[in-house]
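Here is what each chain is made of, one letter per residue.
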Amino acid sequence: QVQLVESGGGLVQAGGSLRLSCAASISTFSFNAMRWYRQAPGNQRELVAAIRSGGSTDYADSVKGRFTISRDNAKNTIYLQMNSLKPEEPAVYYCNGEYNQFRDYWGQGTQVTVSS
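Bear in mind the structure is a predicted one, so any value in this text is a computation, not a measurement. (Residues numbered from 1 in each chain as written. Predicted model: local features only at pLDDT ≥ 70, side-chain atom pairs only at ≥ 80, totals over all residues. Heavy atoms only, no water.)

## Focus: the pattern of salt bridges
Scanning the model with the defined rule gives six salt bridges in all. We note a salt bridge from E98 to R35, for which the minimum N-O separation is 2.9 Å. Residue E98 is found in strand β9 (residues 91–100), and its partner R35 is found in strand β4 (residues 33–39); the two are separated by 63 residues along the sequence. Given the relative accessible area of 22%, E98 is considered partly exposed. Of the residues examined, R35 reaches a relative accessible area of 19% and is grouped as buried. It is possible to trace a salt-bridge network through shared partners that takes in R38, E46, R66 and E89. (Salt bridge = Lys/Arg side-chain N within 4 Å of Asp/Glu carboxyl O. Helix = DSSP H or I, 4+ residues; strand = E, 2+ residues; numbered from the N terminus. Buried < 20%, exposed > 50% of the residue type's maximum accessible area, 1.4 Å probe, protein only.)

As structure tokens, then:
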């Protein structure tokens with residue numbers, strides 16, 4: 001069973017930074033793409049950032065220039081560096097791995113709280 005385990009969430013002041021990690025139980029090369037989503041209470045889950053197997057990245061407009069997704073293949077881990085966090089960005093952040101067009105995997109989520 002493929003597992004994705006997020007870590008790194010916590011409480012940060014507005015304007016501060018956090019780095020989230022997502023460790024996969026299989027090689028990150030096994031995934032077509034890996035993504036970070038977030039979901040705030042009462043809101044739909046939204047895509048934050050993605051990194052494809054070839055290394056290309058995409059970001060939601062709301063986080064461009066502030067968040068960076070990266071990958072360490074030797075550690076089977078992806079990261080989300082979040083800078084200049086805003087008070088409206090607290091959410092549970094989820095890691096997703098697209099294994100193929102029929103299957104993807106989710107982590108359990110990590111809570112990010114931003115104090116104003």
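## Structural notes on the sheet that holds strand β7 (residues 67–72)
On the basis of which strands lie adjacent, the open sheet formed by four strands has the order β1-β3-β8-β7 and antiparallel pairing. Taken across any chain shown, the strands that pair with only one partner, and hence form the sheet edges, are β1 (4–7) and β7. Neighbour-to-neighbour, the strand axes of the sheet open up by a mean angle of 15 degrees, direction not taken into account. The pairing of β1 with strand β3 (residues 18–24) spans four bridges and is classified as antiparallel. Along β3, the bridge assignment pairs V5 with A23. (Pairing = 2+ DSSP bridges. Axes fitted to C-alpha atoms, helices over the stretch in contact; angles between N-to-C directions.)

## Quick notes on the pairing of strand β5 (residues 46–52)
Note: β4 against β5, six bridges, orientation antiparallel. Along β5, the bridge assignment pairs Y37 with L47. Hairpin connection of β4 to β5: six residues between the antiparallel strands, including G42 at a positive phi of 80 degrees. Looking at chain direction, β5 and strand β6 (residues 57–59) are connected through three bridges and run antiparallel. Counterpart to I51 in the pairing with β6 is T57. Linking β5 to β6, which pair antiparallel, is a turn of four residues; within it G55 sits at a positive phi near 105 degrees.

## Examining the packing of aromatic side chains
Throughout the structure, instances matching the rule amount to four aromatic pairs. An angle of 55 degrees between the planes, with centres 4.9 Å apart, marks the rings of Y37 and W106 as tilted. You can see Y37 sitting in strand β4 and its partner W106 sitting in strand β10 (residues 103–106), a full 69 residues away along the chain. Under the relative-accessibility criterion, Y37 is labelled buried at 17%. A ring pair is formed by Y94 and W106, whose centres lie 6.5 Å apart and whose planes are at 80 degrees; its orientation type is edge-to-face. Placement of the pair is Y94 in strand β9 and W106 in strand β10, with a sequence separation of 12 residues. One aromatic cluster is present, built from ring pairs that chain together F31, Y99 and Y105. Stacked on the ring of Y94, the Lys or Arg R45 has its end atom at 3.8 Å from the ring centre. Lying over the aromatic face of W106, R45 brings its terminal NZ or CZ to 4.7 Å of the ring centre. (Phe/Tyr/Trp six-rings, centres within 6.5 Å; stacked < 30°, edge-to-face > 60°. Lys NZ or Arg CZ within 6 Å of the ring centre and 35° of its normal.)

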